[in-house]
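Coordinate inspection notes
One letter stands for each residue in the lines below.
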Amino acid sequence: MRFFIYIMVLLITSSCNIDDVITTTVPPQIAFEGSSRLYTVKVGRQIVITPQYSSVEDAQYCWSCDGETISQTPTLTFSHTQSGQYYITLTVTTPFGTAQEEIRIDVVDLETPTVTLTGSPTMTLVLGSYYLFNATVKQVSLPTTIAWALNGQPVEGEYGYLFNASTLGKHTLTVTASNSDGKSSDTVEIEVLSADQMPFVWEFDSLELHTVVGRKIAIIPTEMSDTENVSYYWLSNNQPQDASREPYYIYTPTSVGRHTIKATASTLRGDEPLVISHIFTVDVYPQDKYYTPATPSSSKSWHKVYQYTPAPGQFIGDQYTASTPTEACCVAEARMRDGLYLSLGGFGGFIVVGFDHSVSNKEGYDFAVAGNSFNSSSEPGIVWVMQDENGDRLPNDTWYELAGSETGKSETIQNYAVTYFRPSGAGMAVEWRDNYGNSGVIDYLPTYHKQDYYYPQWIASDSYTLRGTRLKERNYDKYGNGAMWIQPPYDWGYADNYSSIDRLSTAEGSEGKAMPNGFDISNAIDCMGEKIELHHIDFVKVQTACNTKSGWLGENSTEIFDIYSLE
């Protein structure tokens, strides 16, 4: 009897026949499309998720995230304003049981293009001038378009727009980058003035300087306008310096200690005076106070790379990656320790190294720089030296150029400056402008070097300026058809230069092999080009000296393998 009752109950609970309609009593079932249960949606966008269900008569639905109910419908419509991973549980309950499944929705950021205009957000131009505004767009995977507008009206331009300052007054130039995820804009305000309305600029890199008693130090502006009718006035330790009515000042301290120099430039804009003032501090130290003698464990070679700031070039980032200046220094150290050359890129690119002891100025050559010059290829680098004048073991004192065969020649340019601009996209040339109004590009050479950019990856700004001494280029196309470019040597005094005078190796040299040049500290000159007596040095800087390129060979760039003392 008990067995009969048990069979009847089992039959009743498993199915029910009402008017010939069989109703199931099994728990609900949930099925999602695919097996990963992983969904992706962009920030602010909606995603609709519709599972497949069975056995869900009289079902109740609950979608929950982090313990909170977000929906009670069979289909989930989900969106979020913040990116991240969201784990969502679906619970389906019927009178005959409960089913539960978990999914993950990844909310990812929109690929909205970011566009920036190179340079300052405000600019003043003289009437009748032209200026090329360049736009840089952060690369995204979506197709992106560029649109320009001048004073609200569309104008033609792609990644560059040539503005003609033909109308006096204020103008607004806007560039907009758009794709399916959104758009961004950047704006520059332009004021066009007549020549007699132009304000002037008078800026310096640093207001804190170091030197040694009795040595000249140049306080030279790194940016200034060519405006006439500007009066300059300098005070040294509160004493007027009547001899200096120039925009720069050559100061020779006669005592140790902190000195203060005040500078004022003034002009008139209409009847309104316009004045710019700067206050400089000059810390003056005794000669040779911080000499660091060598020890038995001292290395002849460089001890540390303090700065590696190349100009753009085909070898920059070719066989290495670096995202910060510190990483770039580590890359430079690793390459030279492994016996590999390091490129300084186009004009002005440089490296700064320090020794673990002071290198004394003795008879003859005191240290060497090994480059990769050979018979038909010299890419000269200017060599600079520095004493640790303030004793902090950092290269933050005064640089002195080592004179070479081209020093003092009319075609050699002192205080030459080139500004490089980040390319707008991968595979593009790097544009440059110099402080003489010239412009050009560092060519992209995909046949040999296919990294996205020749612009240093660790330089965060969209442009940077390098300054130094420029030598007149000597490279030429031997046959006139671009097949063979010759880069002749300079007489003496330069790194990566196949000189017959200061080349320390008697080998003929070959491409890619180290070839050292010797350098004498006695050739140091000060800011006026006058010989200066240095008893020792602690730091060396090597800097590409030419702004030129040789066809398919690309830009002239100084390369180095090593810097070492000859003690």
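Residues numbered from 1 in each chain as written. Predicted model: local features only at pLDDT ≥ 70, side-chain atom pairs only at ≥ 80, totals over all residues. Heavy atoms only, no water.

Concerning the overall build of the protein
Tallying secondary structure elements over the protein gives two helices and 45 strands in all. Relative to a compact globule of 567 residues, whose C-alpha radius of gyration would be 24 Å, the protein shows 35 Å and is clearly more extended. Dimensions of the protein, computed from C-alpha atoms along their principal axes, come out at roughly 120 × 70 × 60 Å. Within the protein, the fraction of its 567 residues that count as buried is 44%. Within the protein, contacts between residues at least 6 apart in sequence are counted, and of these 69% link residues at least 24 apart. Of the charged side chains in the protein, 35 are positive and 67 negative, and the gap between their average positions amounts to 4 Å. (Helix = DSSP H or I, 4+ residues; strand = E, 2+ residues; numbered from the N terminus. Rg over C-alpha atoms; globule rule 2.2 N^0.38 Å. Buried < 20%, exposed > 50% of the residue type's maximum accessible area, 1.4 Å probe, protein only. Contact = heavy atoms within 4.5 Å. Lys, Arg positive; Asp, Glu negative; His and termini not counted. Charge placed at Lys NZ, Arg CZ, Asp CG, Glu CD.)

Observations concerning the packing of aromatic side chains
All chains considered together, the criterion is met by 25 aromatic pairs. Between Tyr 448 and Trp 552, the ring centres sit 6.4 Å apart and the planes meet at 40 degrees, which makes this aromatic pair tilted. Taken together, the residues span a long stretch of sequence, with Tyr 448 in the loop between strand S37 (439–442) and strand S38 (463–470) and Trp 552 in the loop between strand S43 (536–544) and strand S44 (559–560) at a distance of 104 residues. Overall, the relative accessible area of 47% leaves Tyr 448 in the partly exposed class. Three or more aromatic residues link up through ring pairs in this structure, and these residues are Trp 202, Phe 204, Tyr 232, Trp 234, Tyr 249, Tyr 251 and Phe 280. Over the ring of Phe 350 we find Lys 541, and its NZ or CZ is 5.4 Å from the ring centre. (Phe/Tyr/Trp six-rings, centres within 6.5 Å; stacked < 30°, edge-to-face > 60°. Lys NZ or Arg CZ within 6 Å of the ring centre and 35° of its normal.)

Comments concerning the environment of Met 515
Tracing the backbone shows Met 515 in strand S41 (residues 515–519). Take Met 515: its relative accessible area is 2%, and that puts it in the buried class. As a C-alpha pair, Met 515 and Glu 111 span 404 residues in sequence and 49 Å in three-dimensional space.

Examining the nonpolar core
Nonpolar side chains in soluble globular proteins generally cluster together in the buried interior. Counting 53 residues, the largest nonpolar core has Tyr 308, Ile 351, Phe 367, Tyr 420, Val 540 and Val 542 as the members making the most contacts within it. The element that contributes the greatest number of residues to this core is strand S31 (residues 350–360), accounting for six residues. (Core = buried A, V, L, I, M, F, W, Y, C linked by side-chain atoms within 4.5 Å.)

What about a nonpolar patch on the surface?
Side chains of Tyr 365, Ile 501, Leu 504 and Leu 566 sit close together on the surface and give an oily, nonpolar patch of about 330 Å² of accessible area. Mapped onto the elements of the fold, Tyr 365 is located in the loop between S31 and strand S32 (367–371). Residue classification places Tyr 365 among the partly exposed residues on the basis of a relative accessible area of 36%. (Patch = residues over 30% accessible without salt bridge, like charges linked within 9 Å, V, L, I, M, F, W, Y side chains within 5 Å. Areas by Shrake-Rupley, 256 points an atom, 1.4 Å probe, with all protein chains shown as cover. Salt bridge = Lys/Arg side-chain N within 4 Å of Asp/Glu carboxyl O.)

Thoughts on the confidence of the model for the protein
When pLDDT is averaged across the protein, the result is 88; 92% of the residues are at 70 or more. The low-confidence segment residues 1–20 (pLDDT under 50) makes eight contacts with residues lying over four places distant or belonging to another chain. (pLDDT = per-residue confidence, 0-100.)

Topic: the side chain of Gln 387
By the secondary structure assignment, Gln 387 is in the loop between strand S33 (381–386) and strand S34 (399–402). Here His 536 takes part through its backbone oxygen, which lies 3.0 Å from a polar atom of the side chain of Gln 387. Residues contacting Gln 387, with those up to four places away along its chain left out, are Val 212, Arg 215, Gln 287, Asp 288, Asp 397, Leu 534, His 535, His 536, Ile 537 and Asp 538. (Polar contact = N/O pair within 3.5 Å; in protein donor to acceptor, adjacent residues only side chain to side chain.)

Things to note about the sheet that holds strand S45 (residues 562–565)
The strands making up a sheet associate through backbone hydrogen bonding, with each pair oriented either parallel or antiparallel. Strand order in this open sheet of three strands is S41-S32-S45, and the pairing throughout is antiparallel. Both outer strands of the open sheet, S41 and S45, are each paired with one neighbouring strand and no more. If you compare each strand with its neighbour and ignore which way they point, the axes differ by 25 degrees on average. (Pairing = 2+ DSSP bridges. Axes fitted to C-alpha atoms, helices over the stretch in contact; angles between N-to-C directions.)

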